[in-house]
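# An overview of the molecular structure
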Amino acid sequence: MGLVLLANVSAQFNCVTDKKMKQFYGKNPQAFLHQKDLYNYLSSKNTNTGKNTQTVITIPIVVHVLYKNAVQNISDAQIASQIAVLNQDFRKLNADSNNAPDVFKPVRSDMEVMFCLATKNPSGNITNGIVRKSVSNNFNFEEDYFKSIGSVAWDPTKYLNIWVGNPNDPNLGGWSSVLADVGNSDDGIGMNYTTFGTVGTAIFPYNKGRSMTHEVGHYLGLLHPFGEDTDVPPNSANCGTPSFDDFCADTPATYYPYSGSPTFPNNTYTCTPTSSGAMFMNFMDYTRDEVKVMFTNDQKTIVTNTLAGPRASLLNSNGCSSVLGVHEVEKVNSITIFPNPSSQYISIASPLMKINTAEIFNSEGRLVKKADIKNETYKIDVRDLASGVYFVRTYNNYDFVKSMKFIKK
């Protein structure tokens, strides 16, 4: 164990979310075509989605601790320390937020998202939100965390599942599932037990819980400031290409991750050198925990739209007993279409009101498609529709609920 911990002290934080994305899109090329439409939607400030129901959204968490020995069976206190960090970082309540350079302070954002350990399990029974399981010494955490030999996810449309264990690569900090694959059995976050929380097995320089803040950012739709292609060497010619875009105008464009503790200002990897340089203190970069201190307003836009779109079902979770009911008008307003415009698919999110039928009409008023809605975030293939403006009417049984417009590219 000592050798593993020592390796983490000198290593660079390694997020493998981008590799998970490449694996997923390699197996699902149609989803890759859909990705740009999705992120154009998520980054749009004109989606009129808001957060629909609550000023601050609370997301229930279940932590699956997969341990090979007593040291890896992290304590309740270590888990609590990580939840506390998430709630500080996502509400801009972290004391070191003021460490951000003055030039970047105006774009710091309160994401208006909070987290709680689940108080009810999927069956409605009381829980502390923690699952513990002893696994064998040859257990492959990266591949098997969500399987029956690991710990099966609680309903991923209602809970943020977090698996904490010992990866084969001790320098692996964590990863998040792919946003285009919401609701599948591996949907959630995997974390190295040495980068989780602020006490116990958390090891410097990744012992302030920011690795988890980073991965939850991915879970809620955020990309790295340098994009998602970290397998290539630094090359400024990559600037402006799709794989090197985080869809946030207020995070200066870079073409390679920052690590360690850079000195401000720093233009080593900026696409356009400026007097302020890179925002390497952003939670979504690769710097040390003590360096990462902020999210931005444009990142908040993506998180807000993610919670109104791909992860809208979390709004209707009763995993935390503090979640309140909403008025009927708010339930109707929670129904959204994304991405919009789209060339491949649209999804209808209805987190707070049940709908079971959707009808699509063209601009001439002709019915061109009808779909039976089977869940709270239902995808409809629109590739066969001609480019133009369409209207979607939604129904609860035979009762009309809401009409919405979308553009087919």
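This write-up is about the structure you can find in this document.

The rules we used
Residues numbered from 1 in each chain as written. Predicted model: local features only at pLDDT ≥ 70, side-chain atom pairs only at ≥ 80, totals over all residues. Heavy atoms only, no water. Helix = DSSP H or I, 4+ residues; strand = E, 2+ residues; numbered from the N terminus. Rg over C-alpha atoms; globule rule 2.2 N^0.38 Å. Buried < 20%, exposed > 50% of the residue type's maximum accessible area, 1.4 Å probe, protein only. Contact = heavy atoms within 4.5 Å. Areas by Shrake-Rupley, 256 points an atom, 1.4 Å probe, with all protein chains shown as cover. Lys, Arg positive; Asp, Glu negative; His and termini not counted. Charge placed at Lys NZ, Arg CZ, Asp CG, Glu CD. 1 Å grid on protein atoms, 1.4 Å probe; cavity = no way out; pocket = protein on both sides within 12 Å on 5 of 7 lines; lining within 4 Å. Points joined across faces, edges and corners; volume = space filled by probe spheres on them. Salt bridge = Lys/Arg side-chain N within 4 Å of Asp/Glu carboxyl O. Pairing = 2+ DSSP bridges. Axes fitted to C-alpha atoms, helices over the stretch in contact; angles between N-to-C directions. Nonpolar A, V, L, I, M, F, W, Y, C, P; charged D, E, K, R; others polar. Phe/Tyr/Trp six-rings, centres within 6.5 Å; stacked < 30°, edge-to-face > 60°. Lys NZ or Arg CZ within 6 Å of the ring centre and 35° of its normal. Expected span 1.5 Å × (residues − 1). Disulfide = S-S within 2.5 Å.

## So, the overall build of the protein
- From N to C terminus, the protein includes 8 helices and 16 strands.
- Against the compact-globule benchmark of 22 Å for 409 residues, the protein has a radius of gyration of 21 Å, which places it among compact chains.
- In terms of overall dimensions, the protein has a C-alpha envelope of 70 × 55 × 40 Å along the principal axes.
- Across the 409 residues that make up the protein, the buried fraction comes to 55%.
- Residue pairs in contact within the protein that sit at least 24 positions apart in sequence constitute 69% of those at least 6 positions apart.
- Surface accessibility of the protein: about 16600 Å² in total, with carbon and sulfur atoms responsible for 51%.
- A gap of 3 Å separates the mean positions of the 36 positive and 36 negative side-chain charges of the protein.

## Overview of the layout of surface pockets
- Size it by volume and the largest pocket reaches roughly 500 Å³.
- Contributing to the lining of the largest pocket are 23 residues, with Ala180, Asp181, Val182, Thr377 and Lys379 lying nearest its centre.
- For the lining of the largest pocket, the element with the most residues is helix H3 (residues 29-42), which contributes 4 residues.

## A closer look at the pattern of salt bridges
- Counting across every chain of the model gives 14 salt bridges.
- Put simply, Arg132 and Asp76 hold a salt bridge, and the shortest N to O gap is 2.5 Å. Separated by 56 residues along the polypeptide, Arg132 in strand E4 (residues 130-134) and Asp76 in helix H4 (residues 76-90) bring together distant segments of the chain.
- By relative accessible area, which is 42% here, Asp76 ends up partly exposed.
- Of the charged contacts, one joins Lys300 and Glu112 as a salt bridge, the two residues approaching to 2.8 Å between their closest N and O atoms. Of this pair, Lys300 sits in helix H7 (residues 297-308) while Glu112 sits in the loop between H4 and strand E3 (113-117), placing them 188 residues apart in sequence.
- A single network of salt bridges, built from pairs that share partners, joins Asp89, Asp96 and Arg210.

## Looking at the sheet that holds strand E16 (residues 399-408)
- Taking strand neighbours across the sheet as the criterion, the 4 strands line up as E13-E12-E15-E16 in an open arrangement whose pairing is antiparallel. In this open sheet, the two edge strands, each paired with only one partner strand, are strand E13 (367-372) and E16. For this sheet the average axis-to-axis angle between neighbouring strands, irrespective of direction, equals 20°.
- Pairing of strand E15 (residues 388-396) with E16, which is carried by 9 bridges, proceeds in the antiparallel orientation. Within E16, the residue paired with Val389 across the bridge is Ile407.

## A few points about the sheet that holds strand E10 (residues 336-338)
- Taken together, 3 strands build an open sheet; the order of strands is E10-E11-E14 and the sheet is antiparallel. Of all the strands in the sheet, the pair left with one neighbour each is E10 and strand E14 (377-381). Taking each pair of neighbouring strands and ignoring which way they run, the sheet shows an average axis angle of 25°.
- Of the pairings in the sheet, the one linking strand E11 (residues 345-349) to E14 comprises 5 bridges and is antiparallel in character. Its bridge partner being in E14, Ile346 is matched across the sheet by Ile380.
- Across the sheet, H3 lies against E10 and E11, angled at about 125° from E10, the strand it touches most.

## Here's the deal with empty space enclosed by the protein
- This model, assessed by the stated rule, comprises 3 cavities of 30 Å³ or more.
- What the largest cavity holds in volume is close to 60 Å³.
- Lining the largest cavity we find Thr17, Met21, Tyr25, Tyr39, Ser177, Val178, Leu179, His218, Leu222 and Leu223.
- At 3 residues, the largest contribution of residues to the lining of the largest cavity is made by helix H2 (residues 17-27).
- In terms of residue class, the lining of the largest cavity is built from 7 nonpolar, 3 polar and no charged.

## Concerning the packing of aromatic side chains
- Under the criterion given, the structure shown has 20 aromatic pairs.
- When the ring of Tyr258 is compared with that of Tyr269, the centres are 5.2 Å apart and the planes differ by 70°; the resulting orientation is edge-to-face. On the criterion of sequence distance, the pair formed by Tyr258 in the loop between helix H6 (210-219) and strand E8 (259-260) and Tyr269 in the loop between E8 and strand E9 (286-287) is long-range, its members being 11 residues apart.
- Overall, Tyr258 belongs to the buried group, its relative accessible area being 3%.
- Members of the aromatic cluster, each reached through a chain of ring pairs, are Phe141, Tyr145, Phe146, Trp163 and Trp175.
- Its guanidinium or amino end placed over the ring of Trp175, Lys20 lies 4.8 Å from that ring's centre, counting from NZ or CZ.
- Across from the ring centre of Tyr345, 5.0 Å away, lies the NZ or CZ of Lys379, which sits over that ring.

## Let's talk about H4
- In a regular helix each residue adds 1.5 Å, so 15 residues correspond to 21 Å; H4 covers 21 Å between its end C-alpha atoms and thus fits that length.
- Elements that come into contact with the buried residues of H4 comprise strand E2 (57-67), E3, E4 and H6.
- Lys92 sits one or two residues past H4 and shows a positive phi near 55°.

## What about the state of the cysteines?
- With the rule as written, the count across this model stands at 1 disulfide.
- Paired by a disulfide, Cys239 and Cys271 hold their sulfur atoms 2.0 Å apart. Note on the Cys239 and Cys271 pair: the S-S dihedral is about -90°, so by sign convention the disulfide is left-handed. Taken together, the residues Cys239 in the loop between H6 and E8 and Cys271 in the loop between E8 and E9 connect sequence positions 32 residues apart.
- Not part of a disulfide, Cys15 finds its nearest cysteine sulfur in Cys248, a span of 15 Å.
- Since its relative accessible area comes to 0%, Cys15 is described here as buried.

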